[in-house]
Structures are given as C-alpha cells and as structure tokens.
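# Examination of the molecular architecture
For reference, the chains in residue letters:
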Amino acid sequence: MHCVIARLILIVLLSKFSVVMADDLDVATNNQSPLSLTAHLGVLEDVDKTLTLEDVQKEGVQFKNDFQGSKSINLSYTKS
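Residues numbered from 1 in each chain as written. Predicted model: local features only at pLDDT ≥ 70, side-chain atom pairs only at ≥ 80, totals over all residues. Heavy atoms only, no water.

Further remarks concern the overall build of the chain. Looking only at helices and strands, the chain features 2 helices and 0 strands. Buried positions account for 9% of the 80 residues belonging to the chain. Considering only residue pairs separated by 6 or more positions, the chain has 62% of its internal contacts joining residues 24 or more positions apart. If you sum the accessible surface of the chain, you get close to 7500 Å²; carbon and sulfur atoms cover 57% of it. (Helix = DSSP H or I, 4+ residues; strand = E, 2+ residues; numbered from the N terminus. Buried < 20%, exposed > 50% of the residue type's maximum accessible area, 1.4 Å probe, protein only. Contact = heavy atoms within 4.5 Å. Areas by Shrake-Rupley, 256 points an atom, 1.4 Å probe, with all protein chains shown as cover.)

This is the structure we're talking about:
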C-alpha cells in the first residue's frame, strides 16, 4: 500500500501538473463546508508492475475514475 501511495506521489510530482501556491488556511476560522474530491480522483493500477513513468505520462492512459457515487475512497488492499 505504501508503495502505491509513493508511486502516485512521484507521478504527480514528476508529471506535467503545475503547483499552485495559496494563502495560509486557518482551519480554526474556516466556516466552509467540506469539499469532496472523490469525483476528481483518478487511479492507475499497474497490476503487472511493468509501467514506466513515460508510459503513465502518455496521452490516452486509462485511469480508473468512476468514484462519483462514493463519499470517500477505500482502495483497501490489493495483490498488485
């Protein structure tokens, strides 16, 4: 599980995504409702453990993103 999370973080850090810096957030004074990011999440599972970073960055890579009906993501444990 830790390996999957580490890979996802590495992919995000090394991909073409840009980082946007925001002002500090004081959670003690935050009065906004929570925002679920579940519908915006995509997961790519490398079952055969053969994908390279270049493979993942190619156009048309199919990420699993059908989490819209869920309030939270529970990936539990997988064999991959």
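Time to look at the pattern of salt bridges. Here the structure, examined in full by the defined rule, presents 1 salt bridge. Of the charged contacts, one joins lysine 58 and aspartate 55 as a salt bridge, the two residues approaching to 3.6 Å between their closest N and O atoms. (Salt bridge = Lys/Arg side-chain N within 4 Å of Asp/Glu carboxyl O.)

For leucine 8, the location among the structural elements is in helix α1 (residues 2-14). Residues leucine 8 and glutamate 45 lie 37 residues apart in sequence; the distance between their C-alpha atoms is 9.8 Å.

What follows covers the environment of aspartate 46. Note that aspartate 46 resides in the loop between α1 and α2 (53-57). Counting along the chain gives 42 residues from aspartate 46 to valine 4, while the straight-line C-alpha distance between them is 9.2 Å. Looking at aspartate 46, its side chain comes within polar contact range of the main-chain nitrogen of leucine 51, at 3.0 Å. (Polar contact = N/O pair within 3.5 Å; in protein donor to acceptor, adjacent residues only side chain to side chain.)

Attention now moves to unusual backbone geometry. In this model, lysine 49 sits at a positive phi of 55°, which is unusual for a non-glycine residue. Residue position: lysine 49 is located in the loop between α1 and α2.

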